[in-house]
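# Analysis of the macromolecular model
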Amino acid sequence: MSIVSYSKIYAKYPSPLSPKEKKVLLGTHLIETYERANELVQLFRLPKYKSFLGLETQIYKFAQIGALLHDIGKADTYFQKQLKSGEKKKVSHALLSLTVIDNIINASKDEDKLLKNIMMLAVASHHSPLKKSLFDRSDPQSTFDIGLCGVLEEIQLFQKNFDIEIPENILELVNKKPNTTYLAKRIYNRIKWDIVDVPCEELRAIYVFISGVIIYSDYLSSSRENIQKLETNPEDIILKHKGYSLRDYQEKIFKFKGNGFLQLPTGFGKTESAILWLKENSNFKNFYVLPTTASINGIYDRLKKVFKEEEIGFYHSYFEVFSDENEFSKKTLLKSFFPALNVTTFDQIILSLMNYKKYGLKEVVFSNSSVIIDEVHATDERNLGLLKFAVDYLSKKYGSRFLIMSATFPDYLRKLFQENGFVEVLKTKYVNSIYSHIQRVKIEYKDSDIFDYESLIDELRKKYKKGEKILIVLNTVERAQKLFQVLIKFPKKLLLHSRFILNDRCDREKELKELKDKKGPFIFVSTQIVEISLDIDFDVLYTDCAHFDSLVQRFGRVNRKISYNGPNNISVGKPALVKVFRYEEKYPYNPEFVSLTSELLQTRKITNENDLLKVNNVYYDIIKDKLVNKIEENTKTIRQIWQKNSFIYAIDLKEEELRNMVRTRDGLMSVSMFPAKFRTEVAKLEEEFKEKKISYRQYVREKTGYLTKVPIYWKNGIDGNFINKKYDNKLGLTEEEEIDNGLNQ
């Protein structure tokens, strides 16, 4: 057996593959991780369960032990050799850590034995999602030498805090035949069998807490980052960003404390008002949550101008494309919500509760947090059910605070959250007084499809000549593409929908921002993606009929400029013309709900924004039974996933049953794919990266830029990661089959 001094046992080491890596001694890393864990157990909140009474101190203790010993497997001789040579790791240090921990942690009480097992599972999965098959692969023989004893000796000062005793024959115990890795696998399998009889929600909660503390403290130690807290005064932000004193309703929001829902008209500064709510409600972590990546980008760009750089971050599924070099270098930290204020999407909350990947880290970060959820109206009934579960669970079990916002808050949605203690931030009577003095639109319903409306082109031509900005919203990508081609003779026009590759979509969003600030006419054709957080003002709107609440959001894209001097003194100028056209196709909306919307538009008098809200309530009163049933059904989804995965194991989306659980809009899921047209470009990037001609950052960013969203029912046209459909940079991905796409080459 070779003898290695503990002073030469490393947690990190520069190698040919990572020459910029700094040397970090293993003992130093473990002690620093432990010290960070001491801070985190006070900041993270342990979920409220009766069965936890009296166990809090023990749970904290095992989280701290896990942090102290999580990387002890790196003291293995074979691992150290791989670390210094830069070889691909063939032995798991997380697995090997179990062998050492099992032999030095004394768990005499039954509850301690359970906590020890959960802690060891957290250690085993601190680099990988927890799965039963986590260590099924074959590992080479490994051996611990005297260096292990040296590292343990370095951290033995912490023995007095825990029931830790390092056996004199520790090397003999961890190096039992046939080999160390085999022994570690036996321990892992034994733990799985030990807890198989106690799968429950409380077991999962303990794993989340211990796992979250270990991974978070490990990241903090490795990155040498400090725990961030929100220091900027929200009131200063409003005054600095907007240059005016707080409005009367903002004063009310500023003083509100607790869970609430906030309704304000479009253009009334909901974003700034929500930030004011943080004054009385800011916790360890703060979140600004929106439904789409486009809306995330816009809000983040606004907020980062007034918050300190280290206080704010963003993360969503296309982070690589929209992040700058500095943000990309901190991807792991931003992905794990290390900043004090995180701008992100609905799915990040939901996935954290669905046992997705290393779910313990994200779920524990949402504990003891303050969460602003904007544009909640944009959530379909499937995701609304999931979101409701998340809000209920995090607020009741973790003490998280929520502010839920919308410009259209139907009574049924209020009651949905009032059942769990949510209250109005602004009273209904006060809100109604604001809405009743706003008349943005004059609505005309046309009992014909927009493509059958003979006067359409003539009207558009007249308005275009007057210099008006025209918005046309169609319900499907195909309809939007078709109408855009009809407008070929209009010089300034723009098409935007979800089936452009990211590169082209970014260009269009940039062009739209430029058109916003220029005088003169243009026509913008879009799908329902226009409903969410689009900060641009149009003069006229032509739209397919849709669900009533969706139409209200579309109406909010026109005549947005508001002069406000108190609740009874509001001016928006002359109402903008809105024409709504009959829509009878089956997708993407419920035909019954669309038909009801058509009827309401033709039979109800709508003269101001408050009338819109009243009719919106009528709409929901009629459909609420069907919606409530779906929402209640979908609130059970997460618990079903927990049970399917024995509560603690990570979700495996390869299983059809689990895929069905996470689908939205009755199965109309979309997946990210490359149009076949860009096969050559993607292959070139892959080759350049393999030959080290481009950086990983450049490779990921440029490759992601060729992705687009594809309906899952197009799967027959998918060849690996490529979709066999024609792509046009003016129209986006079409339904037409690609002929020469290289599939047969």
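Computed from a prediction, not measured in an experiment: that's the story for all the values here. (Residues numbered from 1 in each chain as written. Predicted model: local features only at pLDDT ≥ 70, side-chain atom pairs only at ≥ 80, totals over all residues. Heavy atoms only, no water.)

Time to look at the overall build of the chain. Across its full length, the chain carries 31 helices and 23 strands. Against the globule reference of 27 Å for 745 residues, the chain gives a C-alpha radius of gyration of 28 Å, in line with a compact fold. In terms of overall dimensions, the chain has C-alpha extents of about 90 × 65 × 45 Å along its principal axes. For the chain, the residues scored as buried account for 58% of the 745 residues in total. Surface exposure of the chain reaches about 32400 Å², of which carbon and sulfur atoms provide 47%. Where the 117 positive side-chain charges of the chain centre and where its 101 negative ones centre are 2 Å apart. (Helix = DSSP H or I, 4+ residues; strand = E, 2+ residues; numbered from the N terminus. Rg over C-alpha atoms; globule rule 2.2 N^0.38 Å. Buried < 20%, exposed > 50% of the residue type's maximum accessible area, 1.4 Å probe, protein only. Areas by Shrake-Rupley, 256 points an atom, 1.4 Å probe, with all protein chains shown as cover. Lys, Arg positive; Asp, Glu negative; His and termini not counted. Charge placed at Lys NZ, Arg CZ, Asp CG, Glu CD.)

Within helix α17 (residues 346-353), 6 of the 8 residues are buried, which leaves it mostly tucked inside the rest of the structure. Every buried residue of α17 is accounted for by Phe346, Gln348, Ile349, Ile350, Ser352 and Leu353. Once α17 finishes, Asn355 follows within two positions and takes phi at roughly 60 degrees, a positive value.

Take the sheet that holds strand β3 (residues 260-263) next. Judged by pairing direction, the sheet is parallel, and its 7 strands sit side by side in the order β5-β6-β4-β7-β8-β3-β9 without closing on themselves. The open sheet has two free edges, formed respectively by β5 (312-315) and β9 (423-424), since each of these has just one partner strand. (Pairing = 2+ DSSP bridges.)

Here we have 6 strands laid out as an open sheet, ordered β10-β17-β14-β11-β13-β12, and parallel in their pairing. At either end of the open sheet lies a strand with only one pairing partner, and these are β10 (441-446) and β12 (493-496). Between one strand axis and the next, the sheet turns through 15 degrees on average, direction left out of account. Packed on one face of the sheet, helix α22 (residues 456-465) meets β11 (469-473), β13 (522-526), β14 (540-544) and β17 (576-581) and runs near 155 degrees to β14. Sheet contacts for helix α24 (residues 502-516): β11, β12 and β13; angle to β12, the most-contacted strand, approximately 140 degrees. (Axes fitted to C-alpha atoms, helices over the stretch in contact; angles between N-to-C directions. Contact = heavy atoms within 4.5 Å.)

Let us now look at helix α5 (residues 110-124). In this model α5 runs 21 Å from its N-terminal to its C-terminal C-alpha over 15 residues, within 8% of the 21 Å that 1.5 Å per residue would give. Burial within α5 is extensive, with 11 of its 15 residues counted as buried. The set of residues buried in α5 consists of Asp112, Leu115, Lys116, Asn117, Ile118, Met119, Met120, Leu121, Ala122, Val123 and Ala124. (Expected span 1.5 Å × (residues − 1).)

Now for the nonpolar core. Inside soluble globular proteins, nonpolar side chains tend to come together where they are buried. Judged by nonpolar contacts, the single largest core of 206 residues is most densely connected at Leu148, Phe209, Ile210 and Tyr288. Sort the elements by how many residues they give to this core and helix α9 (residues 201-223) lands first, with 13 residues. Beyond its immediate stretch of four places on either side in the chain, Ile210 contacts Ile59, Phe62, Ala63, Leu115, Ile118, Met119 and Ala122. In terms of nonpolar packing, the next biggest core, distinct from the first, is built from 42 residues, Leu487, Ile501, Val710 and Ile723 among them. (Core = buried A, V, L, I, M, F, W, Y, C linked by side-chain atoms within 4.5 Å.)

A few words now on empty space enclosed by the protein. Within this structure, the stated rule accounts for 7 cavities of 30 Å³ or more. By volume, the largest cavity amounts to about 90 Å³. Forming the boundary of the largest cavity are 13 residues, of which Thr266, Ala407, Thr408, Val552 and Glu609 lie nearest the centre. Elements that contribute at least two residues to the lining of the largest cavity include exactly α25 (548-555) and α27 (609-635). (1 Å grid on protein atoms, 1.4 Å probe; cavity = no way out; pocket = protein on both sides within 12 Å on 5 of 7 lines; lining within 4 Å. Points joined across faces, edges and corners; volume = space filled by probe spheres on them.)

With that out of the way, let us pick up the packing of aromatic side chains. Under the criterion given, the structure shown has 38 aromatic pairs. Taking the centre distance of 5.5 Å and the plane angle of 85 degrees together, the rings of Phe44 and Tyr216 count as edge-to-face. Linking Phe44 in the loop between α1 (26-43) and α2 (56-69) with Tyr216 in helix α9, this pair joins segments that are 172 residues apart in sequence. Note on Tyr216: relative accessible area 1%, which makes it buried. Here the aromatic rings of Phe287 and Phe366 are separated by 4.2 Å at their centres, their planes lie at 25 degrees, and the arrangement is stacked. Here the residue Phe287 occupies a position in strand β4 (residues 285-290), and Phe366 occupies one in helix α18 (residues 359-366), the gap between them amounting to 79 residues. Taken together, Phe44, Tyr216, Tyr219, Phe284 and Phe338 form an aromatic cluster joined through their ring pairs. The ring centre of Tyr13 lies 5.7 Å from the NZ or CZ of Lys84, which sits over that ring. (Phe/Tyr/Trp six-rings, centres within 6.5 Å; stacked < 30°, edge-to-face > 60°. Lys NZ or Arg CZ within 6 Å of the ring centre and 35° of its normal.)

This part covers a positive patch on the surface. Among the surface-exposed residues, Lys442, Lys462, Lys466 and Lys574 lie close enough to one another that they form a single positively charged patch. In this structure, Lys466 sits in the loop between α22 and β11. With a relative accessible area of 65%, Lys466 lands in the exposed category. (Patch = residues over 30% accessible without salt bridge, like charges linked within 9 Å, V, L, I, M, F, W, Y side chains within 5 Å. Salt bridge = Lys/Arg side-chain N within 4 Å of Asp/Glu carboxyl O.)

For the rest of this paragraph, the subject is the side chain of Ser217. As for its position among the elements, Ser217 is in helix α9. In terms of polar contacts, Ser217 uses its side chain to reach the backbone carbonyl oxygen of Val213, at 2.6 Å. With sequence-adjacent residues up to four places away left out, Ser217 is seen in contact with Thr33, Arg36, Ala37, Leu40 and Ala67. (Polar contact = N/O pair within 3.5 Å; in protein donor to acceptor, adjacent residues only side chain to side chain.)

For the structure shown, the criterion picks out 30 salt bridges. With its nearest N and O atoms 3.9 Å apart, the salt bridge here joins Lys579 to Glu444. You can see Lys579 sitting in strand β17 and its partner Glu444 sitting in strand β10, a full 135 residues away along the chain. Residue classification places Lys579 among the buried positions, given a relative accessible area of 6%. According to the relative accessible area criterion, Glu444 is partly exposed, its value standing at 27%.

Turning our attention to the confidence of the model for the chain. Interpreting fine coordinate detail is not advised for predicted regions of low pLDDT. Summary statistics for the chain give a mean pLDDT of 85 and a share of 91% for residues scoring 70 or more. At the low end of the mean pLDDT range in the chain sits helix α29 (residues 656-661), at 50; at the high end sits β14, at 97. Here residues 663-668 is modelled with pLDDT under 50, and outside its nearest four sequence neighbours on either side it reaches 14 contacts, counting other chains as well. With pLDDT under 50 throughout, residues 740-745 is counted as low confidence; its partners more than four residues away or in other chains account for 8 contacts. (pLDDT = per-residue confidence, 0-100.)

Moving on, we come to the pairing of β17. Where burial is concerned, most of β17 is hidden: 6 out of the 6 residues are buried. In this structure, β10 lies alongside β17, joined through 6 bridges in parallel fashion. Considered in β17, the bridge of Glu444 is made with Lys579. As paired elements, β14 and β17 share 5 bridges and run parallel to each other. Paired with Thr543 across the bridge in β17 is Val580.

So, on to unusual backbone geometry. Residue Pro588 is bonded to the preceding Tyr587 through a cis peptide linkage, with omega at 0 degrees. Tracing the chain through its elements places Pro588 in the loop between β17 and α26 (591-603). Even without being a glycine, Lys692 presents a positive backbone phi close to 60 degrees. Counting through the fold element by element, Lys692 comes out in the loop between α30 (679-690) and α31 (696-704). According to the relative accessible area criterion, Lys692 is exposed, its value standing at 69%.

Interaxial distance between α2 and α5 falls to 10 Å at its minimum, and their mutual angle equals 35 degrees. Crossing of α2 over α5 shows right-handed handedness. Contacts from Gln58, Ile59, Lys61, Phe62, Ile65 and Gly66 of α2 reach α5 at Asp112, Leu115, Lys116, Met119 and Val123. Tallied by class, residues from the contact of α2 with α5 come to 6 nonpolar, 2 polar and 3 charged. (Left-handed = near helix turned anticlockwise from the far one by under 90°. Nonpolar A, V, L, I, M, F, W, Y, C, P; charged D, E, K, R; others polar.)

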